[in-house]
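Chain by chain, the residues run as shown.
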Amino acid sequence: MIPILVTGIVIAFAVILTLIQKGRLNAAWSGRVESIGRRTAYQGGNKRLKLQLVVVRYQTNAGKRGKFELEESAFARYFPDLQAGDGLIKSAREGLPRKS
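Residues numbered from 1 in each chain as written. Predicted model: local features only at pLDDT ≥ 70, side-chain atom pairs only at ≥ 80, totals over all residues. Heavy atoms only, no water.

(A) How the structure looks around the overall build of the protein chain. For the protein chain, the count of helices and strands is two helices and five strands. Each helix and strand of the protein chain, placed in order from N terminus to C terminus, yields the pattern α-β-β-β-α-β-β. Here the C-alpha radius of gyration of the protein chain, 17 Å, is well above what a compact globule of 100 residues would show, namely 13 Å. A total of 100 residues make up the protein chain; the buried ones form 21% of that total. Contacts in the protein chain between residues at least 24 apart in sequence constitute 43% of all its contacts with a sequence separation of at least 6. Accessible surface for the protein chain amounts to roughly 7,400 Å². Of this, 58% is attributable to carbon and sulfur atoms. Counting 17 positive and 7 negative side-chain charges, the protein chain places the averaged centre of each group 7 Å from the other. (Helix = DSSP H or I, 4+ residues; strand = E, 2+ residues; numbered from the N terminus. Rg over C-alpha atoms; globule rule 2.2 N^0.38 Å. Buried < 20%, exposed > 50% of the residue type's maximum accessible area, 1.4 Å probe, protein only. Contact = heavy atoms within 4.5 Å. Areas by Shrake-Rupley, 256 points an atom, 1.4 Å probe, with all protein chains shown as cover. Lys, Arg positive; Asp, Glu negative; His and termini not counted. Charge placed at Lys NZ, Arg CZ, Asp CG, Glu CD.)

Put into structure tokens, the structure is as follows:
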């Protein structure tokens, strides 16, 4: 009985997370970069594998605040000249916004 209950809870949790992610992917917005910061993360709990991440915080024209994170190499490739105050546009079904 308990394994079935635990399995049901895990499946329900996975479905909820999938729906949330689908909503984010389908969202379309435009806004401005508020700040660009950096942080270090450790991959897989292994303290020797460090990831350098760039955190971009933005505010949409509707007033909603958000952020996205990219590894430094991906940030340099997709947003080589992005700065605070620059405009962003995210189209529906695109994973990342683009600079406007």
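On we go.
(B) Inspection of the pairing of strand β2 (residues 50-60) at higher detail. Here strand β1 (residues 29-42) pairs with β2 via eleven bridges, running antiparallel. In the sheet register, R32 faces β2, and the bridge partner there is Q59. Relative to strand β3 (residues 65-71), β2 runs antiparallel, the two sharing seven bridges. The residue bridging V56 from the neighbouring strand is F68, located in β3. (Pairing = 2+ DSSP bridges.)

(C) Focus on the side chain of D86. Within the secondary structure, D86 sits in the loop between α2 (72-78) and β4 (87-90). A residue is classified by how much of its surface remains accessible, and D86, at 18% relative accessible area, is buried. A polar atom in the side chain of D86 sits 2.8 Å from the backbone nitrogen of Q83. In this structure D86 touches G31, R32, V33, D81 and K99, once residues within four positions along its chain are discounted. (Polar contact = N/O pair within 3.5 Å; in protein donor to acceptor, adjacent residues only side chain to side chain.)

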